[in-house]
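The primary structure of each chain is shown beneath.
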Amino acid sequence: MRIDHAFLFDLDGTLVDSVYQHVLAWKEALDEEGIDLSVWRIHRKIGMSGGLFTNQLLRETGIEITDELNERLRHLHAEAYRRLGHKIRPLPGATELLRWLADAGIPFAIATSGRMETAAVNIAALGVDASSFPVITRDMVKYAKPDPDLFLAAADALGVDIGKAVVVGDSIWDMLAAVRARALGVGLLSGGYGREELRDAGAIRVYDDPADLLLHIDEVGGRR
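Residues numbered from 1 in each chain as written. Predicted model: local features only at pLDDT ≥ 70, side-chain atom pairs only at ≥ 80, totals over all residues. Heavy atoms only, no water.

**Focus on the packing of helix α1 (residues 19-32) against helix α4 (residues 67-84)**
In the contact formed by α1 and α4, the axes pass within 8 Å of each other and the chain directions differ by 135 degrees. Classified by the angle their axes make, α1 and α4 are oblique. In this structure, α1 crosses over α4, and the sense of that crossing is right-handed. Residues Gln21, His22, Leu24, Ala25, Trp26, Glu28, Ala29, Leu30 and Glu32 of α1 form the contact with α4, whose participating residues are Leu73, Arg74, Leu76, His77, Ala80, Tyr81, Arg83 and Leu84. Along the lines of polarity and charge, the residues of the contact of α1 with α4 split into 10 nonpolar, 3 polar and 4 charged. (Axes fitted to C-alpha atoms, helices over the stretch in contact; angles between N-to-C directions. Helix = DSSP H or I, 4+ residues; strand = E, 2+ residues; numbered from the N terminus. Parallel < 35°, antiparallel > 145°, perpendicular 65-115°, else oblique. Left-handed = near helix turned anticlockwise from the far one by under 90°. Contact = heavy atoms within 4.5 Å. Nonpolar A, V, L, I, M, F, W, Y, C, P; charged D, E, K, R; others polar.)

**Description of the domain arrangement of the protein**
Per the domain assignment, the segments of the protein are domain 1 (6-17 + 88-219) and domain 2 (19-86). A separation of 22 Å is found between the C-alpha centroids of domain 1 and domain 2. At the junction of the two partners, domain 1 supplies 22 residues and domain 2 supplies 21 residues. Between domain 1 and domain 2 lies a buried interface of about 1,800 Å² when both sides are counted; carbon and sulfur atoms form 51% of it. Per-residue buried area on domain 1 facing domain 2 is highest for Ile88, Glu117 and Trp173; these three make up 29% of the total on that side. Applying the counting rule to domain 1 against domain 2 returns 1 salt bridge. (Domains from an automatic or database assignment. Buried area = accessible area lost by both parts, 1.4 Å probe. Salt bridge = Lys/Arg side-chain N within 4 Å of Asp/Glu carboxyl O.)

**Some thoughts on the sheet that holds strand β2 (residues 108-111)**
With respect to topology, 6 strands assemble into an open sheet ordered β3-β2-β1-β4-β5-β6, the strand pairing being parallel. Looking at strand neighbours, the two that pair on one side only are β3 (135-136) and β6 (203-207), the edges of this open sheet. Relative to strand β5 (residues 184-188), strand β4 (residues 165-169) is paired through 4 bridges, and the arrangement is parallel. Paired with Gly169 across the strands is Gly187, a residue of β5. (Pairing = 2+ DSSP bridges.)

**Comments concerning helix α7 (residues 149-158)**
For α7, the set of buried residues is Leu150, Phe151, Ala154, Ala155 and Leu158. In a view along the axis of α7, the buried residues occupy a sector of 130 degrees, so they form one face of it. Packed against the buried residues of α7 are β1 (6-9), β2, β3, β4 and α8 (172-181). Just past α7, the residue Gly159 takes up positive phi, approximately 80 degrees. (Buried < 20%, exposed > 50% of the residue type's maximum accessible area, 1.4 Å probe, protein only. Arc of directions from axis to C-beta.)

**Examining the pattern of salt bridges**
A complete count under the given rule lists 11 salt bridges for this structure. In this structure, Lys27 engages Asp36 in a salt bridge whose closest nitrogen and oxygen atoms are separated by 3.9 Å. Note on Lys27: relative accessible area 18%, which makes it buried. For Glu33, the salt bridge is made with Arg72, and the minimal N-O distance between the two is 3.0 Å.

**Observations regarding the environment of Lys142**
Relative to the elements of secondary structure, Lys142 occurs in the loop between β3 and α7. Remark: the alpha-carbon pair of Lys142 and Val166, spanning 24 residues in sequence, is separated by 22 Å.

Now the structure itself:
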């Protein structure tokens, strides 16, 4: 039996305050390979899959892209990110929002462009029982954001029609993926993207952070 309503959450910058740890980890990985790229350019790509992220960044530098270089960068990023993991915290209201949904009987899942090697750090920081809801990572789909695969897989894991799901994310890549999946997109400002950027990418509503979303949950279909 299929359910008629669900929330699909991005992870970095949406539920945990980890965007800048990712930026610094990518900066460290790029520096290790002798690739000079400004931090602000790295930030603008956070939320994409790692492979697409490095392809776009390296395209900007004119450096030849190889599978070997992509793989080295991915491992360097993961190592640096794990070292920064102790600084990651849930965003305001994140755990309360997930508990509210659970208490209200509203299913939810997490769909992140990160692989499990970095997503596990964030789940631990979030401090929730990840066995009680689906977690879809980059390892589990063919393409990551801005392709819709992650959200489609999350909806399928919950048994909900994607057209009846609300996607919550902090980046334009989340909103573009939501539009392509035919879901409603709700943007959060907690990842560093602007209100107009999120709206232009397809967000029907934009809130400050998970706490602000919980305060206005009825506006996006959250109800007991």
